[in-house]
Amino acid sequence: MRVLGVLAALAVAFAGVSAMAAPLAAYGGLPTIDAIEISPDGSTLAVIVSDGKNRGIVLRPTAGGPQKTYPVGASKVRRLDWVGSDHLIVTTSQTERLIGWTGDKGEFSLGYVLDVKAQKVSPLFEESLEKMQTGTHFRGASTQITDPLNILAGPPEVRVIDGKPTVFVEKITFKEGWGVITVVRADLKSGRRDIVEFGERDTRAVLLGPEGTIIARSDYDAKSGRWALKLRQGGGWFDARTAVAKLDRPYMVGLGRDGTSVLIGELEAGGYVLREVSPDGKASEPLDVRNGDDVIFDPETRRPIGLYALVGDEGRYTFFAERDQKVWAAVKAAFKGDAVDLASWSNDRQKIVVLVDSAAEGPAYALVDLATRKAEWLGPQYEKLMPEDLSKVQPVRFKARDGLDLTGYLTLPNGREARNLPLVVLAHGGPESRDTPGFDWWSQAIASRGYAVLRVNYRGSDGFGRAFVEAGYGQWGRMMQTDLSDGVRYLAAQGMIDPKRVCIAGASYGGYAALAGATIDTGLYRCAVSVAGVSDLRKLVEDEGRSAKRYWKRFMGVERLSDPALAQISPITHVDKVSIPILMVHGRDDTVVPLEQSEIMADALRKAGKPVELIVQKGEDHWLSRGETRGATLEATMAFVEKHNPPN
């Protein structure tokens with residue numbers, strides 16, 4: 001086992017290694033280390049840590065020495081952003097219904113400033129903008145500006161202005177009754193907050209230039225589907241590029257390679273392409289960036305310097321400059337055989353924080369110092385899991401019933417031969433998402449109890465080319481569902497699993513798939529666990545906005561809400577077909593799939609005399625963000641599966 005320099009604030013001593021699997025809390029608790037951001041000068045690591053239930057932020061000098069811990073309790077810390085090396089922006093989120101706003105609850109981001117020298121944490125906005133000196137021509141205007149106090153509309157952006165690191169934040173302010181994106185410049189030393197610019201009613205995104213000015217914005221009219229890239233021209237704007245796209249609209253990625261152009265993404269016949277649009281509005285030919293899922297930006301200039309893509313089961317980093325490619329090759333070579341992901345780096349790119357995912361020992365963070373050519377282990381993501389607590393994950397490939405090639409991952413329980421195993425199908429959410437070969441806490445926990453776990457990248461999943469995504473259009477509850485059961489039949493034909501001992505589980509769309517396994521694609525599963533799943537598709541689409549309606553209709557294969565096909569693929573209309581027990585878990589604060597979706601399904605099942613349990617998690621959102629309820633969800637899932645599909 002590799003020796004890890006675990007953060008002292010969370011050090012745990014183990015008296016010995018048990019022959020038994022680790023407790024479920026070791027898998028289902030929050031990660032010991034959730035994220036690490038290194039300061040621009042490389043002197044300090046900011047680490048989001050957890051004891052499984054409560055979070056904290058640790059500041060740790062890279063050269064060693066005393067570290068400082070800031071407990072934040074159950075707060076949902078979403079990201080950290082350094083502003084120079086003296087201030088850290090901490091973004092959290094919480095579910096609220098704002099006074100004076102119409103509509104349901106929302107998941108809102110809040111900003112806080114951690115002053116490293118003063119060792120003090122305070123809200124990023126402590127006073128309403130309309131009461132502050134803005135330092136712009138908007139001050140004193142007849143138009144009233146109101147804003148939700150400390151709520152952010154986008155991630156902080158840092159630029160160096162006059163030699164001083166400065167943070168720019170997007171907020172939503174209300175001008176003449178409409179909520180608009182508003183960019184605010186915040187001086188963290190003086191406390192001054194200046195409004196830089198207001199967006200318009202249809203503005204969906206803005207792009208900050210190197211000097212802290214807004215150089216581009218994208219506007220979108222949801223009704224007409226008209227999208228426009230607008231560039232600065234004198235004191236106004238001009239349309240540099242337009243499109244009518246009611247679905248799959250173009251989007252701004254960031255600055256172009258020269259620091260003045262705008263990098264945009266557009267969907268073409270073979271998939272998305274990247275183009276650079278110069279300040280005069282001229283668009284380049286598509287960049288030669290095949291297999292690019294994410295763009296890598298220089299931490300200081302914010303210019304694109306490379307791409308990341310998960311190609312098959314391998315994460316690939318492709319840098320534009322040969323020197324950068326060689327550096328990354330050397331970093332990866334230091335952890336031969338493991339998956340290595342870039343987490344954070346200093347402005348000079350000499351100190352690099354990486355997440356190293358070892359199949360044998362699990363994921364852990366390390367710090368690579370290119371100047372000294374040394375690497376230091378910082379700590380594991382899940383400190384309470386030992387190598388013997390991790391199960392083997394292997395890729396699987398099979399054909400769907402219509403001949404489509406499918407892939408997935410099979411997690412096998414330790415100490416058991418891969419013959420006639422009990423199986424849990426774990427369906428991913430999205431549906432336009434994907435499973436990956438790396439560490440997955442949920443499937444590892446299930447496997448630790450003696451089950452094989454199958455995760456299928458069914459048609460419609462992302463990451464396998466545009467044609468594969470489009471193969472999922474109109475297949476919600478149809479072939480997207482049978483792709484899962486075809487995977488079960490493939491494993492059964494190999495003799496690896498017992499086809500009479502199979503359950504299905506999942507969250508979000510995966511929760512829908514679990515319900516569909518009990519109501520639509522029946523006869524294969526012994527039990528079903530749905531976490532935040534959808535049961536009534538018509539009601540879900542009915543409650544969505546215009547753009548979301550178009551997206552869901554595409555996957556559901558319907559043109560209008562009155563289409564009877566929605567009933568055909570809604571689990572709630574097929575409760576009479578249920579012959580297996582169903583467990584549903586749903587967070588009361590879910591703002592993506594309303595709790596009502598599980599409540600109405602549970603009521604329908606009870607009225608039909610079907611076996612059902614519903615657990616409502618107080619204070620939990622769609623993503624199981626709270627340690628206490630995430631752990632409770634795992635405990636309830638395993639108790640239910642072990643009862644109705646014993647592993648032995």
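Everything below is about the structure shown above.
Our subject in this report is the structure included herewith.

## Notes on the pattern of salt bridges
Piece 1. Counted under the stated rule, the structure contains 41 salt bridges.
Piece 2. A salt bridge links Arg626 to Glu628, with the nearest nitrogen and oxygen atoms 3.9 Å apart.
Piece 3. For Glu628, a relative accessible area of 49% translates into the label partly exposed.
Piece 4. Where salt bridges share partners, they join Asp248, Glu432, Arg466, Glu470 and Arg554 into one cluster.

## Points about the side chain of Thr95
Piece 1. By the secondary structure assignment, Thr95 is in strand β6 (residues 87–96).
Piece 2. A distance of 2.5 Å separates the side chain of Thr95 from the side chain of Glu107, its partner in a polar contact.
Piece 3. When residues no more than four places from it in sequence are discounted, the contact partners of Thr95 are Lys76, Lys105, Gly106, Glu107, Asp589, Thr591 and Asp621.

## What about the sheet that holds strand β24 (residues 314–319)?
Piece 1. Within the open sheet, the 3 strands sit side by side as β22-β23-β24. Their pairing is antiparallel. Single-partner strands in this sheet number two, and they are β22 (294–297) and β24. Between one strand axis and the next, the sheet turns by 25° as a mean value, whatever way the strands run.
Piece 2. When β22 meets strand β23 (residues 304–311), the two strands line up antiparallel, connected through 4 bridges. If you follow Ile296 over to β23, its bridge partner there is Gly306.
Piece 3. Against the sheet, helix α2 (residues 322–333) makes contact with β23 and β24, and its axis sits at roughly 150° relative to β24, the strand it touches most.

## A closer look at the packing of aromatic side chains
Piece 1. For the structure on display, the rule yields 17 aromatic pairs.
Piece 2. Here the aromatic rings of Phe319 and Trp328 are separated by 6.5 Å at their centres, their planes lie at 50°, and the arrangement is tilted.
Piece 3. Owing to a relative accessible area of 7%, Phe319 belongs among the buried residues under this scheme.
Piece 4. Through a chain of ring-to-ring contacts, three or more aromatic side chains come together here, namely Tyr458, Tyr473, Trp476, Tyr509, Tyr512, Tyr551, Trp552 and Phe555.
Piece 5. Above the ring of Phe125, the side-chain terminus of Arg193 is found at 5.8 Å from the ring centroid.
Piece 6. Geometry around Trp441 places Arg630 over its ring, the cationic atom sitting 4.2 Å from the centre.

## Focus: helix α8 (residues 546–556)
Piece 1. Every buried residue of α8 is accounted for by Lys549, Arg550, Trp552, Arg554, Phe555 and Met556.
Piece 2. For α8, the secondary structure elements touched by its buried residues are β16 (214–221), α4 (466–470), α5 (479–493), α7 (537–542) and α9 (565–568).
Piece 3. Looking one or two residues past α8, Gly557 carries a phi angle of roughly 75°, positive in sign.

## Focus on the pairing of strand β36 (residues 612–617)
Looking along a regular strand, one sees side chains alternate from face to face of the sheet.
Piece 1. Sheet topology note: the strand β35 (residues 582–587)/β36 ladder contains 6 bridges and is parallel. Paired with His586 across the strands is Val616, a residue of β36.
Piece 2. Crossover β35 to β36 through helix α10 (residues 596–607) is right-handed.

Basis of the calculations
- Residues numbered from 1 in each chain as written.
- Predicted model: local features only at pLDDT ≥ 70, side-chain atom pairs only at ≥ 80, totals over all residues.
- Heavy atoms only, no water.
- Salt bridge = Lys/Arg side-chain N within 4 Å of Asp/Glu carboxyl O.
- Buried < 20%, exposed > 50% of the residue type's maximum accessible area, 1.4 Å probe, protein only.
- Helix = DSSP H or I, 4+ residues; strand = E, 2+ residues; numbered from the N terminus.
- Polar contact = N/O pair within 3.5 Å; in protein donor to acceptor, adjacent residues only side chain to side chain.
- Contact = heavy atoms within 4.5 Å.
- Pairing = 2+ DSSP bridges.
- Axes fitted to C-alpha atoms, helices over the stretch in contact; angles between N-to-C directions.
- Phe/Tyr/Trp six-rings, centres within 6.5 Å; stacked < 30°, edge-to-face > 60°.
- Lys NZ or Arg CZ within 6 Å of the ring centre and 35° of its normal.
- Right-handed = clockwise from strand over helix to strand, strands pointing away.

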